Amino acid sequence: MADLQERMSLSSSSSSSSSSSSSLSLTAMPIDGELWMVAEERAQEILNAIQPVFVSDRSRNEIIHYVQTLIKDRLGIEVFLFGSVPLKTYLPDGDIDLTVLTPQDKEEDLADTLCNMLKAEDGKSGFYVTDVQYIAAQVKVIKCSIRNIAVDISFNQMAGLCALCFLEQVDQVFGRDHLFKRSIILIKAWCYYESRILGANTGLISTYALAVLVLHIINISYSSLSGPLAVLFKFLDYYASFDWDNYCLTVNGPVLISSLPDMTGNDADVFLNEKFFRECIELYSVPTKAVEANGHYFPVKHFNIVDPLKHSNNLGRSVTKGNLQRIRHAFTLGARKLKDVLSVPGETMGWKLEKFFSSSLERNGKGQRQDVEEPVVAFGTGRSEPSELRGDVEGYFKSLVYGKWFHGETQHRWIPQGQDTSSWDIVRWFVTGQKNVFYRRNLNGSSNSFQNMRRSRGTGTYIPEMSQQSYTDRFSNKPSRVNPLPSASQSQLLKQNI
């Protein structure tokens with residue numbers, strides 16, 4: 001993994017020298033560099049009031065551990081985390097996404113069992129499980145509220161595990177103190193609290209689609225960005241004028257809808273090139289189902305965004321025709337208002353920027369968060385809650401590997417085709433009798449370390465619960481061992497008991 005990330009970092013930076021423009025022109029920044037830094041500092045103060053912090057991480061991890069332990073102890077089933085919580089891009093109002101691994105023909109029965117089990121928990125513990133409901137849609141999901149935080153439990157959401165690994169990888173390669181994640185949080189806050197255009201369940205933009213939109217802006221403008229506020233400015237300016245009627249959006253630029261399924265783009269002016277994304281597809285994608293055998297088919301809707309990991313998946317499919325007009329209007333109005341904010345003298349810019357995020361601060365800046373019970377540092381005090389946005393990319397990858405193993409995928413897909421294995425940090429399964437051991441090693445014997453990457457600054461070393469290894473142990477060149485997976489006989493027994 002470390003070797004992979006170093007190679008990705010090197011391959012992506014090769015095109016960064018000319019990454020300040022795009023195939024669609026971006027409006028020049030309205031203020032000079034010094035004022036931008038003042039504006040970015042105020043934007044960071046706003047971010048401090050809404051971004052994940054240690055106390056909110058702890059509150060959510062307690063809920064996650066409770067659900068995982070409950071299901072594992074009662075049913076012997078693995079439950080994995082995905083989405084904005086492990087990615088550390090959730091808002092205080094954000095939900096927790098969990099997925100249960102189970103044979104696909106058992107999903108319906110397991111959903112009924114879990115639903116009844118959670119309903120029976122109401123009042124039995126200090127977690128206060130309420131509002132349990134089962135949504136028997138194409139993607140089955142159990143929705144509930146635990147300690148007043150929404151929790152969604154889905155089944156076999158391998159795509160969610162893939163997206164988590166991919167986005168965490170992108171953030172670590174972009175670096176710059178988690179520019180990617182901080183930009184997602186700031187733009188997500190604007191979309192959710194200020195403009196009300198976020199939410200796939202209501203025909204609006206999904207959170208993964210939003211992350212890809214942000215990724216594209218950073219990818220085409222990397223060297224010219226001073227921080228998350230600059231990303232927001234270019235985001236609004238770019239997408240306010242984007243021709244959604246004739247183009248679909250890919251991570252490397254717009255592609256004519258009429259040219260589909262050909263998605264060949266020009267990546268000469270991007271930071272992360274096509275080679276980087278090809279390697280991510282090889283490492284983080286899952287096999288296409290038989291019913292989706294025609295992988296080149298892209299379902300054209302009103303708001304078309306190509307999934308970087310699966311080009312036949314339209315991430316904008318949730319947006320209705322009517323809501324597209326609403327989104328366009330929000331982008332246009334937001335771009336004009338933010339440009340006005342950045343055009344005033346420096347002494348008044350700060351409070352105008354606060355007004356631009358007035359709903360976000362009204363809900364989250366008064367010393368209370370929706371996802372924690374105790375008071376937190378209020379906005380405007382000059383202080384902030386300790387926070388760490390770095391995720392556990394190796395832990396997430398192990399979850400993905402386990403999911404692939406559970407569903408019977410062979411190890412050969414984990415090594416990109418044509419890759420020189422003499423320099424590839426290979427994931428291998430060694431199966432001996434009843435023991436399944438996961439080893440990681442570099443075949444040329446060289447030492448792999450995240451120290452060779454652009455490291456992000458942080459205020460702490462909070463590690464998610466998915467891995468118990470220290471950084472020193474995890475990134476040494478010695479083979480690392482994690483808990484053994486179930487043997488074939490144990491796995492078969494587990495599946496029979498579901």
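In the nomenclature of an unreviewed UniProt entry, the protein chain corresponds to Polymerase nucleotidyl transferase domain-containing protein from the organism Eruca vesicaria subsp. sativa.

**Q** How would you explain the overall build of the protein chain if you had to name every residue and give the values?
**A** A tally of regular secondary structure across the protein chain gives 16 helices and 11 strands. Burial statistics for the protein chain: of 498 residues in total, 54% are counted as buried. Taking all contacts inside the protein chain whose residues are at least 6 apart in sequence as the whole, residues at least 24 apart take part in 70%. Carbon together with sulfur atoms contributes 49% to the accessible area of the protein chain, which is approximately 21600 Å² in total.

**Q** Residues and numbers for the environment of Cys 280, please.
**A** Within the secondary structure layout, Cys 280 lies in helix H10 (residues 274-284). By relative accessible area, which is 0% here, Cys 280 ends up buried. Each C-alpha atom, one on Cys 280 and one on Gln 169, is 8.6 Å from the other, the two residues being 111 residues apart in sequence.

**Q** How would you sum up the pairing of strand E6 (residues 247-250)? Please name residues and give values.
**A** Side-chain positions along a regular strand alternate between the two faces of the sheet. Relative to strand E7 (residues 253-256), E6 is paired through 4 bridges, and the arrangement is antiparallel. Within E7, the residue paired with Thr 250 across the bridge is Gly 253. Where E6 folds back onto E7 in an antiparallel hairpin, the turn is made up of 2 residues.

**Q** Tell me what's going on with the pairing of strand E9 (residues 310-314), and back it up with residues and numbers.
**A** Inspection of the sheet shows strand E8 (residues 306-307) paired to E9 by 2 bridges, in the antiparallel sense. What sits directly across from Val 306, in E9, is Asn 314. Here E8 folds back onto E9, and the loop between the two strands holds 2 residues.

**Q** Before we move on, can you summarise the confidence of the model for the protein chain with the specific residues and values?
**A** Taken over all residues, the pLDDT of the protein chain has a mean of 79, while the share at 70 or more is 73%. Counted against residues more than four places away or in other chains, residues 13-26, with its pLDDT under 50, gives 37 contacts. Of the regions scoring below 50 in pLDDT, residues 410-498 engages in 175 contacts with residues more than four places distant in sequence or in other chains.

**Q** Could you give an account of the environment of Val 376, naming the residues involved and the relevant values?
**A** Tracing the sequence through the fold places Val 376 in the loop between helix H13 (358-364) and helix H14 (393-406). For Val 376, a relative accessible area of 12% gives the class buried. Expressed as a C-alpha distance, the spacing of Val 376 and Gly 365, which sit 11 residues apart in the sequence, is 9.1 Å. Leave out the neighbours within four places in its chain, and Val 376 touches Val 55, Gly 367, Gln 368, Arg 369 and Glu 385.

**Q** I'd like a rundown of the sheet that holds strand E3 (residues 129-135), residues and numbers included.
**A** A sheet is described by the order of its strands in space; here 5 strands give the open sequence E1-E2-E5-E4-E3, paired in mixed fashion. Strand pairing shows two members of the sheet lacking a second neighbour, strand E1 (79-82) and E3, which therefore form its edges. Shown here is a sheet whose adjacent strand axes are inclined to one another by a mean of 25°, direction ignored. In terms of strand pairing, strand E4 (residues 141-146) meets strand E5 (residues 149-155) through 6 bridges, oriented antiparallel. Along E5, the bridge assignment pairs Lys 143 with Asp 152. Sitting on the sheet, helix H3 (residues 54-75) touches E1, strand E2 (96-100), E3, E4 and E5, and the angle it makes with E2 is about 20°.

**Q** Please give an account of helix H12 (residues 346-356) that cites residues and values.
**A** By the burial criterion, the buried members of H12 are Met 349, Gly 350, Leu 353 and Phe 356. Across the axial projection of H12, the buried residues extend over an arc of 125°, all falling on one side. In H12, the exposed positions angled more than 90 degrees off the buried face are occupied by Glu 347 and Lys 355.

**Q** Can you tell me about a negative patch on the surface, naming the residues and giving the values?
**A** Together, Asp 105, Glu 108, Asp 109 and Asp 112 line one region of the surface with negative charge. In this structure, Glu 108 sits in helix H5 (residues 107-121).

**Q** Give me the nonpolar core: which residues, what numbers.
**A** Counting residues in hydrophobic clusters, the biggest one holds 98 residues, and the most contacted among them are Phe 166, Ile 205, Phe 235, Tyr 239 and Leu 338. Sequence-distant contacts of Phe 166, that is, excluding residues within four places in its chain, are made with Tyr 208, Leu 215, Phe 276, Phe 277, Cys 280, Tyr 284, Pro 308 and Leu 309.

**Q** Before we move on, could you go through helix H9 (residues 228-240) and cite the residues and values that matter?
**A** Spanning 13 residues, H9 covers 18 Å between terminal C-alpha atoms, matching the ideal 18 Å at 1.5 Å per step. In terms of burial, H9 is a largely internal element, 12 of the 13 residues being buried. Within H9, burial applies to Pro 228, Leu 229, Ala 230, Val 231, Leu 232, Phe 233, Lys 234, Phe 235, Leu 236, Asp 237, Tyr 238 and Tyr 239.

**Q** Describe the pattern of salt bridges, with residues and values.
**A** Overall, the coordinates contain 16 salt bridges when judged by the stated rule. Between Asp 245 and Arg 328 there is a salt bridge whose closest N-O contact spans 3.3 Å. Linking Asp 245 in the loop between H9 and E6 with Arg 328 in helix H11 (residues 321-342), this pair joins segments that are 83 residues apart in sequence. A relative accessible area of 52% means that Asp 245 is categorised as exposed. Judged by relative accessible area, Arg 328 falls into the buried class, the value being 18%. Within the structure, one salt-bridge network assembled from shared partners comprises Arg 42, Glu 45 and Glu 354.

**Q** Any details on the packing of helix H6 (residues 158-174) against helix H7 (residues 179-194)? Residues and values, ideally.
**A** Put simply, H6 and H7 touch, their axes get as near as 7 Å, and they point 115° apart. Mapping the contact onto sequence places Leu 167, Glu 168, Val 170, Asp 171 and Phe 174 in H6 and Leu 179, Phe 180 and Lys 181 in H7. Residue composition of the contact of H6 with H7, grouped by class: 5 nonpolar, no polar and 3 charged.

**Q** Can you tell me about the side chain of Asp 97, naming the residues and giving the values?
**A** Relative to the helices and strands, Asp 97 is located in strand E2. Here Asp 97 sits buried without a salt bridge, and the closest side chain of opposite charge, Lys 143, lies 6.9 Å off (N-O distance). Filtering out sequence-adjacent residues up to four positions away, Asp 97 remains in contact with Phe 80, Leu 81, Phe 82, Gly 83 and Asp 152.

**Q** Explain unusual backbone geometry to me, and be specific about the residues and the numbers.
**A** Residues Leu 260 and Pro 261 are joined by a peptide bond in cis, for which omega reads 10°. Position of Pro 261 among the secondary structure elements: in the loop between E7 and H10. You will see that Asn 156, though not glycine, has its phi angle at about 55°, which is positive. Positionally, Asn 156 belongs in the loop between E5 and H6. Overall, the relative accessible area of 10% leaves Asn 156 in the buried class. You will see that Arg 196, though not glycine, has its phi angle at about 55°, which is positive.

Conventions adopted
Residues numbered from 1 in each chain as written. Predicted model: local features only at pLDDT ≥ 70, side-chain atom pairs only at ≥ 80, totals over all residues. Heavy atoms only, no water. Helix = DSSP H or I, 4+ residues; strand = E, 2+ residues; numbered from the N terminus. Buried < 20%, exposed > 50% of the residue type's maximum accessible area, 1.4 Å probe, protein only. Contact = heavy atoms within 4.5 Å. Areas by Shrake-Rupley, 256 points an atom, 1.4 Å probe, with all protein chains shown as cover. Pairing = 2+ DSSP bridges. pLDDT = per-residue confidence, 0-100. Axes fitted to C-alpha atoms, helices over the stretch in contact; angles between N-to-C directions. Arc of directions from axis to C-beta. Patch = residues over 30% accessible without salt bridge, like charges linked within 9 Å, V, L, I, M, F, W, Y side chains within 5 Å. Salt bridge = Lys/Arg side-chain N within 4 Å of Asp/Glu carboxyl O. Lys, Arg positive; Asp, Glu negative; His and termini not counted. Charge placed at Lys NZ, Arg CZ, Asp CG, Glu CD. Core = buried A, V, L, I, M, F, W, Y, C linked by side-chain atoms within 4.5 Å. Expected span 1.5 Å × (residues − 1). Nonpolar A, V, L, I, M, F, W, Y, C, P; charged D, E, K, R; others polar.

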